[in-house]
Amino acid sequence: MQTPTIPVRLVSPTFKPEVLQEVLDVSRPFIAEGHFLYPADTDGDHTRGFFAIEPVTAHAGFVDAIADDMAAWALREGIDVDMVFAPAQPAVRPLADALAKRLRRSVAYWDYRPSGRFGDALVEGWVPGGSKVLALNGVSLQGRCVGLRLPQFVERLGGDVTSAAVFAKGTTDLVHRTEERFGPHFYSTLQVDVPVYPPAACPMCAATNRPPVSWKEFADGPRP
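Scope of this entry: the structure provided in the associated data block. None of these values were measured; they are calculated from a predicted model.

## Notes on the nonpolar core
Next up, step 1: In this structure, F51, F85, L134, L136 and F167 are the most contacted members of the largest nonpolar core, which totals 67 residues.
Next up, step 2: Considering each element in turn, this core owes the most residues, eight residues, to helix α3 (residues 60-76).
Next up, step 3: Setting aside its immediate chain neighbours within four residues, L134 contacts W73, I79, V81, M83, V84, F85, L99, L103, S163, A164 and A165.

Here it is, written out as structure tokens:
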């Protein structure tokens, strides 16, 4: 008999379950159903449901709770980095700033576009050559951001991503490869099951013959 999938599962051993429940109840960042386009452009993937960081980091208390737990992880695992590197996504910046402050490290931001894609330039801060870097994002449904793209940008700048952290990670193969790459140096508060499909293999398109809606309609819209 197959074990049922838990849509949202706490994975940090030190984040209090009652605090996570408050985050989920108040900000309502997760929707299990719906047909979404992410990133929101012609090459974006399709998802069943979505998990958004925007309503979470709109609450300063939630940012503090997540950053405190990330900092506790960094101390526990001996995370020794020179700086934090994150996308300049408005909803991610409060978390990156809060963690960098707790680690007493600098932070640099990579270009971020409204579609959800990254740009091609450093927009704030700098990465000194030889720097050991912690790559941070709010949510990594696919694992591509902290597992591939942010490390590539850092390498281009002469640094090396040696650890990574997100509030929520997905369940894709790339997430699993990122877990294998970083081991205990990859932090997430929780794991969320949001299926991701290439457009040509999307079962929701086949079933409804309707296009997906932008992920931003959920992330920036009224809470359900």
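Back to the text.
## Details of the sheet that holds strand β2 (residues 30-38)
Next up, step 1: An order of β10-β3-β2-β11 is seen for the four strands of this open sheet, with the pairing classed as mixed. The open sheet has two edge strands with one neighbour each: β10 (196-197) and β11 (213-214).

## Considerations on the side chain of S115
Next up, step 1: By secondary structure assignment, the location of S115 is in the loop between β5 (106-112) and β6 (118-124).
Next up, step 2: With near-sequence residues (within four places) excluded, S115 lies in contact with P39, A40, D41 and W215.

## Examining helix α6 (residues 173-182)
Next up, step 1: Of the positions making up α6, those classed as buried are V175, T178 and F182. Buried residues of α6, viewed axially, fall in a sector of 55°; they line one side. Across from the buried face of α6, at angles greater than 90 degrees, the exposed residues are D173 and E180.
Next up, step 2: Of the surrounding elements, those touching the buried residues of α6 are β7 (132-140), α5 (144-156), β8 (160-169) and β9 (186-192).
Next up, step 3: Positioned one or two residues after α6, G183 has a phi angle of 60°, which is positive.

## Digging into the sheet that holds strand β1 (residues 8-10)
Next up, step 1: Strands sit in the order β1-β9-β8-β7-β4-β5-β6 across an open sheet of seven strands; the sheet is mixed. A single partner strand is all that each edge strand has here, and the edge strands are β1 and β6. Ignoring which end each strand starts from, the neighbouring axes of this sheet average 30° apart.
Next up, step 2: Pairing geometry for β5 and β6, over three bridges, is antiparallel. Bridge pairing links Y112 to F118 in β6.
Next up, step 3: α3 contacts β7, β8 and β9 of the sheet and is inclined by roughly 140° relative to β8.
Next up, step 4: Relative to β7, α5 is tilted by about 145°, and along the sheet it contacts β4 (83-87), β5, β6, β7, β8 and β9.

## Here's the deal with the pattern of salt bridges
Next up, step 1: For the coordinates displayed, the defined rule picks out eight salt bridges.
Next up, step 2: Close ionic contact of R102 with D68 constitutes a salt bridge, the shortest N to O distance being 2.6 Å. One end of the pair, R102, is in helix α4 (residues 93-103); the other, D68, is in helix α3, and 34 residues separate them in sequence.
Next up, step 3: R93 is paired through a salt bridge with E124; the nearest N and O atoms lie 2.6 Å apart.

## Considering the packing of aromatic side chains
Next up, step 1: Applying the stated criterion across every chain, the model contains eleven aromatic pairs.
Next up, step 2: Ring geometry for F36 versus F50: centroids 6.1 Å apart, planes at 50°, classification tilted. Of this pair, F36 sits in strand β2 while F50 sits in strand β3 (residues 45-51); the two residues are 14 residues apart in sequence, bridging distant segments of the chain. For the pair F36 and F50, one class covers both residues: buried.
Next up, step 3: When the ring of W110 is compared with that of F153, the centres are 4.2 Å apart and the planes differ by 15°; the resulting orientation is stacked. Of this pair, W110 sits in strand β5 while F153 is found in helix α5, placing the two residues 43 residues apart along the sequence.

## So, the packing of α5 against α6
Next up, step 1: With their axes 8 Å apart at the nearest point, α5 and α6 run at an angle of 60° to one another. Between α5 and α6, the interaxial angle falls into the category oblique. Side by side, α5 and α6 meet where R144, V146, G147, P151 and E155 of the first sit next to L174, T178, R181 and F182 of the second.
Next up, step 2: Of the residues assigned to the contact of α5 with α6, the class counts are four nonpolar, two polar and three charged.

## Considerations on the pairing of β8
Next up, step 1: Most of β8 is tucked away, with eight of its ten residues classed as buried.
Next up, step 2: Judged from the eight bridges that link them, β7 and β8 form a sheet pairing that is parallel. Within β8, the position partnered with L134 by the bridge is S163.
Next up, step 3: Taking the sense of rotation as the criterion, the β-α-β connection linking β7, α5 and β8 turns out right-handed.
Next up, step 4: Two strands pair when backbone bridges link them, and β8 and β9 are joined in this way by five bridges, in the parallel orientation. Residue A168 lies in a different strand from β9, and its bridge partner there is L190.
Next up, step 5: Where the polypeptide runs from β8 across α6 and back to β9, its parallel neighbour, the crossover connection is right-handed.

Calculation notes
Residues numbered from 1 in each chain as written. Predicted model: local features only at pLDDT ≥ 70, side-chain atom pairs only at ≥ 80, totals over all residues. Heavy atoms only, no water. Core = buried A, V, L, I, M, F, W, Y, C linked by side-chain atoms within 4.5 Å. Buried < 20%, exposed > 50% of the residue type's maximum accessible area, 1.4 Å probe, protein only. Helix = DSSP H or I, 4+ residues; strand = E, 2+ residues; numbered from the N terminus. Contact = heavy atoms within 4.5 Å. Pairing = 2+ DSSP bridges. Arc of directions from axis to C-beta. Axes fitted to C-alpha atoms, helices over the stretch in contact; angles between N-to-C directions. Salt bridge = Lys/Arg side-chain N within 4 Å of Asp/Glu carboxyl O. Phe/Tyr/Trp six-rings, centres within 6.5 Å; stacked < 30°, edge-to-face > 60°. Parallel < 35°, antiparallel > 145°, perpendicular 65-115°, else oblique. Nonpolar A, V, L, I, M, F, W, Y, C, P; charged D, E, K, R; others polar. Right-handed = clockwise from strand over helix to strand, strands pointing away.

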